[in-house]
Amino acid sequence: MATRERTAPPVAEVFTEAMARLVSGVAVVTVRRPDGTPGGLLVSSVCSYSVRPPSLLMSIGRESRSYRALLDAAEFGVHLLGAADCQVARVFAGRSDDKFAGLAWSWEETVPRLHATPVYLRCLRRRVFEHGDHAVVIGEVARGGLADGEPLVYYRRTLGWRLTSAGPAQSP
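Owing to the predicted nature of the structure, the values given are computational and were not obtained by experimental measurement.

Scoring rules and cut-offs
Residues numbered from 1 in each chain as written. Predicted model: local features only at pLDDT ≥ 70, side-chain atom pairs only at ≥ 80, totals over all residues. Heavy atoms only, no water. Core = buried A, V, L, I, M, F, W, Y, C linked by side-chain atoms within 4.5 Å. Buried < 20%, exposed > 50% of the residue type's maximum accessible area, 1.4 Å probe, protein only. Helix = DSSP H or I, 4+ residues; strand = E, 2+ residues; numbered from the N terminus. Salt bridge = Lys/Arg side-chain N within 4 Å of Asp/Glu carboxyl O. Pairing = 2+ DSSP bridges.

## Quick notes on the nonpolar core
Part 1 of the argument: Residues V29, M58, I60, L70, F76 and V78 are the most contacted members of the largest nonpolar core, which totals 18 residues.
Part 2 of the argument: Counting residues per element, the ones that place at least two in this core are β2 (27-32), β3 (38-43), β5 (55-61), α2 (67-72), β6 (75-80) and β10 (134-146).
Part 3 of the argument: Listed in part, the 11 residues of the second largest apolar core include V28, F92, F100 and L114.

Printed below as a string of structure tokens:
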């Protein structure tokens, strides 16, 4: 009986599938473009970086149309989206020229700020590290705002997964 050899999938394929299985929140990053118009993109790779000073880290695709504006701007906004923001996420993941059309937003000095997101952080760009097809951007949080709301979760290439809470841990 002949045995069939099984070849392992390429590392890039395994990596891509593994990262699709990593649960992450979803954020819209906004920036003022050089021509003065608002720009933005959807990211799923954002995390805390430092408490002193309060800083976050995010990964941005170098092919993104907002990439250059983000690297040139001194500040940007990070909006952590809520469960009700699936459509906003889809808009900012898309390729529309005016992603802000029909959305409630305003300028906060030089940063476009979306209204009604559970978390808003206005950041000063501090460092950029390019590697491969992405760059890691570190932003120092200058100010922010919080509101109630369940997070929008991205898992296995799908938006809108719901986290369920078992409630507070019980002491034995």
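## Brief notes about the pattern of salt bridges
Part 1 of the argument: With the rule as written, the count across this model stands at nine salt bridges.
Part 2 of the argument: In this structure, E130 engages R62 in a salt bridge whose closest nitrogen and oxygen atoms are separated by 3.2 Å. A residue pair is termed long-range when its members are at least 10 positions apart, and E130 in strand β9 (residues 119-131) and R62 in the loop between β5 and α2 qualify at 68 residues.
Part 3 of the argument: A salt bridge links R122 to E75, with the nearest nitrogen and oxygen atoms 2.9 Å apart. Residue R122 is located in strand β9, and its partner E75 is located in strand β6; the two are separated by 47 residues in the primary sequence. Taken as a pair, R122 and E75 share a single burial class, namely buried.

## Quick notes on the pairing of strand β4 (residues 46-50)
Regular strands place side chains that alternate from one sheet face to the opposite one.
Part 1 of the argument: Bridging between β4 and β5 involves four bridges; their strand directions are antiparallel. Its bridge partner being in β5, S48 is matched across the sheet by L56.
Part 2 of the argument: As consecutive antiparallel partners, β4 and β5 are separated by four residues.

## Looking at unusual backbone geometry
Part 1 of the argument: Put simply, R52 and P53 share a cis peptide bond, and its omega is -5°.
Part 2 of the argument: You can see P53 is positioned in the loop between β4 and β5.
Part 3 of the argument: Located in the positive-phi region is E109, a residue other than glycine, with phi close to 60°.
Part 4 of the argument: Located in the positive-phi region is A116, a residue other than glycine, with phi close to 65°.
Part 5 of the argument: Within the secondary structure, A116 sits in the loop between β8 (111-114) and β9.

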